[in-house]
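Architecture and fold: a report
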Amino acid sequence: MQKINGFDGIELSRIAFGGIIVMDETQEEANRFVREAVDMGVNYFDVAPTYGNAESRLGPALEPYRKDVFLACKTEDRTQVGAQRLLEQSLKNLRTDYLDLYQLHAVYNLEDVDTIFGPTGAFKVFEKAKKEGVIKRIGFSAHSTEAALALMDRYDFDSIMFPFNFVSMIKNGYGMHVLRKAKEKNMTVIGIKSMALCEHKASDDVNHPKAWYHPIEDFELARKAVSYSVSQGVDIIIPPGNFEAFKWVVEIERKGLSLSDEEFETLTTLANQTVPLFPIKKR
């Protein structure tokens, strides 16, 4: 797998292993998934406490490879006390004494941003942990344009994780302004939902139990969608949370991430016929 220069020049695989893949799997299966991913050339692993028991599965599976991989984690708690507790628990679950990247997770609105940077907010934990070397870099994930832009105004983050999805980007330009600002600030851009197609379908409860949306189920369409995200400037792709989709994206990356004008037109036609997932509609 071709490596990219991410963050401060470290070589990273363009495809990341999303920790939700090992959620609710046996430890033996989790070990196998991680071993095969490393054998494929993947060295970027991402997880979060909100992914069920994924941390507890990923920690033992990664232990033999820890010094050779880039490990990212997150916290969804906006308070100093809660974020500190979750950071300590994540380190314990992941069997490590440091994280290569720690991220504010799923920031949705300006109220979240104000709480995070408030006098008893989570960001105090990030600053302290980075000073002590417990975390090496600071990033965030967001699912709204306003939250992402506000966060970038508050701090020089190392990375952004955002849903850069072809339907939403092509049909309504969702995320384009966020992407431009992140690039201007020299942030590493981590794309999620590149293989999302549309809203959740009843069949997904069985076929895609770890996804809250309906993912692309056709390999060639997946190739076009992932290639589009990369063509727009996304540095790292995190595939949907199952091992088969992960292997698809590894194969796509190996074949090359080029996108012809004709293929772009195919994506545009489909995007214009599809209800976009983002921005997330309040229910």
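Reading the values: the criteria
- The residue numbers shown here count from 1 along each chain, following its written sequence.
- Thresholds applied to this predicted model are a pLDDT of at least 70 for local features of residues and 80 or more for the giving and counting of side-chain atom pairs; totals over whole chains, interfaces and linings are not thresholded and use all residues.
- In computing side-chain properties, one takes all heavy atoms of the structure into account and sets aside hydrogens as well as water.
- Each helix corresponds to a stretch of at least 4 residues labelled H or I by DSSP, and each strand to a stretch of at least 2 residues labelled E; elements are numbered beginning at the N terminus.
- Using a 1.4 Å probe on the protein chains alone, a residue whose accessible area is under 20% of its type maximum counts as buried, one over 50% counts as exposed, and one in between counts as partly exposed.
- Note on contacts: a residue pair is in contact if any heavy atoms of the two residues lie within 4.5 Å.
- Salt bridges, as used here, are contacts in which a Lys or Arg side-chain nitrogen is within 4 Å of a carboxyl oxygen on Asp or Glu.
- Whenever a helix is involved, its axis is fitted only over the stretch in contact; in every case the axis is a line through C-alpha atoms, and angles between N-to-C directions fall within 0 to 180 degrees.
- An angle below 35 degrees is treated as roughly parallel, one above 145 as roughly antiparallel, one from 65 to 115 as roughly perpendicular, and anything else as oblique.
- Note on residue categories: nonpolar means Ala, Val, Leu, Ile, Met, Phe, Trp, Tyr, Cys or Pro, charged means Asp, Glu, Lys or Arg, and polar means any other residue, Gly included.
- The pairing criterion for strands is at least two bridges between them, as found by DSSP.
- The charge count treats Lys and Arg as positive and Asp and Glu as negative. His and the chain ends do not count.

**A look at the overall build of the protein**
- Across its full length, the protein holds 12 helices and 12 strands.
- Based on the C-alpha atoms only, the size of the protein along its principal axes is roughly 50 × 40 × 40 Å.
- The 283 residues of the protein split such that 58% are buried.
- The contacts of the protein with a sequence gap of at least 6 include a subset with a gap of at least 24, amounting to 74%.

**Here's the deal with the pattern of salt bridges**
- Under the defined criterion, the tally for this structure stands at 20 salt bridges.
- Linking Lys183 and Asp235 is a salt bridge whose minimum nitrogen-to-oxygen distance equals 3.2 Å. In this pair, Lys183 sits in helix 8 (residues 176-184) while Asp235 sits in the loop between helix 10 (219-231) and strand 12 (236-238), placing the two residues 52 residues apart along the sequence.
- For Glu220, the salt bridge goes to Arg223, with nearest N and O atoms at 3.0 Å. One end of the pair is Glu220 and the other is Arg223, both in helix 10 and 3 residues apart, which spans about a single turn.
- For Glu220, a relative accessible area of 36% corresponds to the partly exposed category.
- Judged by its relative accessible area of 12%, Arg223 is buried.
- Linked by salt bridges that have partners in common, Glu220, Arg223, Lys224 and Glu263 make up one network.

**Details of the environment of Gln27**
- In this structure, Gln27 sits in helix 1 (residues 27-39).
- Spatially, the C-alpha atoms of Gln27 and Leu91 are 18 Å apart, while their sequence positions differ by 64 residues.
- Those residues in contact with Gln27 that lie beyond four places of it in its chain are Ser56, Arg57, Pro60 and Ala61.

**A closer look at the side chain of Ser168**
- With respect to the helices and strands, the residue Ser168 is situated in helix 7 (residues 166-172).
- We classify Ser168 as buried; its relative accessible area is 0%.
- Not counting residues up to four positions away in its chain, the partners in contact with Ser168 are Gly173, Tyr174, Pro276, Leu277 and Phe278.

**Topic: the packing of helix 3 (residues 80-93) against helix 5 (residues 123-132)**
- At a closest axis distance of 7 Å, the pairing of helix 3 and helix 5 adopts a crossing angle of 45 degrees. It follows from the interaxial angle that helix 3 and helix 5 lie oblique. In contact with Gln80, Ala83, Gln84 and Leu87 of helix 3, helix 5 contributes Lys124, Val125 and Ala129.
- Along the lines of polarity and charge, the residues of the contact of helix 3 with helix 5 split into 4 nonpolar, 2 polar and 1 charged.

**Here's the deal with the sheet that holds strand 9 (residues 188-192)**
- Pairing within the open sheet is parallel, and its 8 strands lie in the order 3-4-5-6-7-8-9-12. Only two strands of the sheet have a single neighbouring strand rather than two, namely strand 3 (17-18) and strand 12.
- As paired elements, strand 8 (residues 159-163) and strand 9 share 5 bridges and run parallel to each other. Its bridge partner being in strand 9, Ile160 is matched across the sheet by Val189.

**Let's talk about the side chain of Lys193**
- Residue position: Lys193 is located in the loop between strand 9 and strand 10 (196-199).
- Buried charge without a salt bridge: Lys193, with Asp46 as the nearest opposite-charge side chain at an N-O distance of 9.5 Å.

**Let's talk about unusual backbone geometry**
- Cis geometry is adopted by the peptide bond preceding Pro279, which originates at Phe278 and carries an omega value of 5 degrees.
- With respect to the helices and strands, Pro279 occurs in the segment after helix 12 (261-272).
- The phi dihedral of Arg95 is positive, around 55 degrees, even though this residue is not glycine.
- One can find Arg95 in the loop between helix 3 and strand 6 (101-107).
- With relative accessibility at 48%, the residue Arg95 sits in the partly exposed group.

From the geometry alone we can't say anything about function, so treat these as descriptive.
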